[in-house]
Every structure is written in C-alpha cells, then in structure tokens.
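# Structural characterization, general
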Amino acid sequence: GSEVLMGLMAVAGDGPETVNVNGVPLLIEAMLPHVVELANTVPGRKIIQNAVIKYRDEVKVCLYDMVCRNMRCIALDQCGCITVQRMFDFASTPLLKDMVQDAVIKWCSALICDQYGNYVVQHIIKDNKQVSEKVVFSLCRNIIKCATNKF
C-alpha cells in the first residue's frame, strides 16, 4: 500500500487527470482528511514526508496547513512527533517553516509536558533565538506546570 502510493507520487505528473480543479494533486486531496492517522503511523509518516519532498510549495501548503491545524493530536504521538520534526526540517520556504513554528508555539504548554511533544518544542527552538523567545513568552503563563513536569 504505502510503497505503491509513494511510487505513484514519484511518477504522477501535474496533468489534468491527476489534479483537482484547484490544481491540488488528487493524492494530496485524498490525504488531507486523514492527515492525523497518516502522521501517527510509520507508513503514513513516510507518505507525508515523500509528499513534502516531491510537491511544489504551492501544492504542499495545504498539507502543512492540515498538519498545523491538528498539531496537538499529531505532536503528542510517538510517530507524529517525528512527522512534525521532519516537516519542519524539509520546509522549503520561510512560510512553511513559520506555519509549523506558530502551531507548535500555540500548543507549547501542552507539548512541553508530554514525552513526545517535548521533542517537537526542543526541535523548533534549536539554534533559533527568535522562536525561543516566543516559547518563553508563551510558557510564562504556565511556569509552575512546566517547571514541575519531568519532561
């Protein structure tokens, strides 16, 4: 299943038979309602990662948007936290990187207290003073909760 889908992504073009009326590839369109289930499994994570690498920025923005809308559900999962980190690493434009950062910052109080979400927060603040400052500002409201949590 997942290997076939990745193979199809590799060979499918942008012709009218493989995209919807908005120019979004049918495979991406089919993935969007299931992004949480995909992101939270190893084969699904590989499909998302493959799409992030293969498709043009204007196409994959809808995939980034859906992952960011579901950040809490995805980043708190063992597989999902890796999905988010890879999407951040492979973000090909500042807009895509900012989308991930903003969604993580929005949920950072919940993420920082979770065994998997914690890794996501650490990953986006690594070597980025501006994002680190935003995280600090966000966490100040919950300093006791964060400071007394083992993660």
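Report on the accompanying structure. (Residues numbered from 1 in each chain as written. Predicted model: local features only at pLDDT ≥ 70, side-chain atom pairs only at ≥ 80, totals over all residues. Heavy atoms only, no water.)

## Overview of the packing of helix 8 (residues 94–106) against helix 10 (residues 117–125)
Going by this rule: To obtain each axis, a line is fitted to C-alpha atoms, and for helices this fit is confined to the stretch in contact; angles are then taken between N-to-C directions over 0 to 180 degrees. Strands here mean DSSP runs of E at least two residues long; helices mean DSSP runs of H or I at least four residues long; both are numbered from the N terminus. What sets the label is the angle itself: under 35 degrees gives roughly parallel, over 145 gives roughly antiparallel, 65 to 115 gives roughly perpendicular, and the rest give oblique. Here a crossing is called left-handed whenever its near helix is offset anticlockwise from the far helix by less than a right angle, and right-handed whenever the offset is clockwise. In this analysis, two residues are considered to be in contact whenever any of their non-hydrogen atoms come within 4.5 Å of each other. Amino acids outside the nonpolar list (Ala, Val, Leu, Ile, Met, Phe, Trp, Tyr, Cys, Pro) and the charged list (Asp, Glu, Lys, Arg) are all regarded as polar, and Gly is one of them.
For the pair helix 8 and helix 10, interaxial distance at closest approach is 10 Å and the crossing angle is 130 degrees. Here helix 8 lies oblique to helix 10, going by the angle between them. Crossing of helix 8 over helix 10 shows left-handed handedness. Residue-level inspection shows Gln 101, Val 104 and Ile 105 of helix 8 in contact with helix 10, the latter providing Val 120, Val 121 and Ile 124. Here the contact of helix 8 with helix 10 is built from residues that sort into five nonpolar, one polar and no charged.

## Topic: the nonpolar core
This is how it is decided: In these notes, a set of buried Ala, Val, Leu, Ile, Met, Phe, Trp, Tyr and Cys residues joined through side-chain atoms within 4.5 Å is what counts as a nonpolar core. Each residue gets one of three labels from its accessible area relative to the maximum for its type: buried under 20%, exposed over 50%, partly exposed in between, using a 1.4 Å probe on protein chains only.
Residues Ile 28, Met 31, Ile 48, Leu 63 and Val 104 are the most contacted members of the largest nonpolar core, which totals 42 residues. Residues within four places of Ile 28 in sequence aside, it is in contact with Ala 51, Tyr 55, Val 59, Cys 62 and Leu 63.

## As for the packing of helix 4 (residues 42–54) against helix 5 (residues 57–69)
For the pair helix 4 and helix 5, the least separation of the axes is 9 Å and the interaxial angle reads 145 degrees. Relative to helix 5, helix 4 is oriented so that their crossing is left-handed. Contact residues: Ile 48, Ala 51 and Val 52 in helix 4; Lys 60, Leu 63 and Tyr 64 in helix 5. By residue class, the composition of the contact of helix 4 with helix 5 is five nonpolar, no polar and one charged.

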